[in-house]
Amino acid sequence: GNTVYGLGSDVYSFGMVCYELMTLRAPWDDVDPPYSINIMKQVLSGNRPKVPIPFEFASERGGNAFLELMQECCDKEPSNRPTFDQISSRIRKEL
């Protein structure tokens, strides 16, 4: 189609990479086939990959601040997602 992807899509993708780094799981690894269609349905419905609770990796991989950043990167509304300048600043602050 004619869908235009912007910086918000890149920030969402970064959030998914953060998810993998923090959980050591692939996003949407609990979705049934056909994967592409079912993941798209989940995302368009506003759902996000489930974070294991209790979040046992938080202290080892950046703490709750990194988890919050990941969740903000995956906000359903792209305009609510942080910019990469904001992301970079927050990561530097936490490390």
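Residues numbered from 1 in each chain as written. Predicted model: local features only at pLDDT ≥ 70, side-chain atom pairs only at ≥ 80, totals over all residues. Heavy atoms only, no water.

Moving on, we get to the side chain of T23. Locating T23 in the fold gives a position in helix α1 (residues 7-23). A polar contact of 2.7 Å, which involves the side chain of T23, links it to the backbone oxygen of Y19. (Helix = DSSP H or I, 4+ residues; strand = E, 2+ residues; numbered from the N terminus. Polar contact = N/O pair within 3.5 Å; in protein donor to acceptor, adjacent residues only side chain to side chain.)

Turning to the pattern of salt bridges, a few remarks are in order. The full count for this structure, using the stated rule, is 3 salt bridges. We note a salt bridge from R25 to D29, for which the minimum N-O separation is 2.9 Å. As a salt-bridge pair, K50 and D30 come within 3.7 Å of each other at their nearest N and O atoms. Here the residue K50 occupies a position in the loop between α2 (35-44) and α3 (63-73), and D30 occupies one in the loop between α1 and α2, the gap between them amounting to 20 residues. (Salt bridge = Lys/Arg side-chain N within 4 Å of Asp/Glu carboxyl O.)

Estimated volume of the largest pocket: approximately 400 Å³. Considering the residues around the largest pocket, the lining is formed by 13 residues, among which Y5, S9, V43, L44 and R81 are closest to the centre. Every element with two or more residues in the lining of the largest pocket is listed here: α1 and α2. The leading source of residues in the lining of the largest pocket is α2, at 3 residues. Considering only residue class, the lining of the largest pocket consists of 7 nonpolar, 3 polar and 3 charged. (1 Å grid on protein atoms, 1.4 Å probe; cavity = no way out; pocket = protein on both sides within 12 Å on 5 of 7 lines; lining within 4 Å. Points joined across faces, edges and corners; volume = space filled by probe spheres on them. Nonpolar A, V, L, I, M, F, W, Y, C, P; charged D, E, K, R; others polar.)

As for its placement among the helices and strands, K93 is situated in helix α4 (residues 84-94). Residues K93 and A65, 28 residues apart in the sequence, show an inter-C-alpha distance of 10.0 Å.

A word on the packing of aromatic side chains. Scanning the model with the defined rule gives 1 aromatic pair in all. Here the aromatic rings of F14 and F84 are separated by 6.0 Å at their centres, their planes lie at 80 degrees, and the arrangement is edge-to-face. Of this pair, F14 sits in helix α1 while F84 sits in helix α4; the two residues are 70 residues apart in sequence, bridging distant segments of the chain. (Phe/Tyr/Trp six-rings, centres within 6.5 Å; stacked < 30°, edge-to-face > 60°.)

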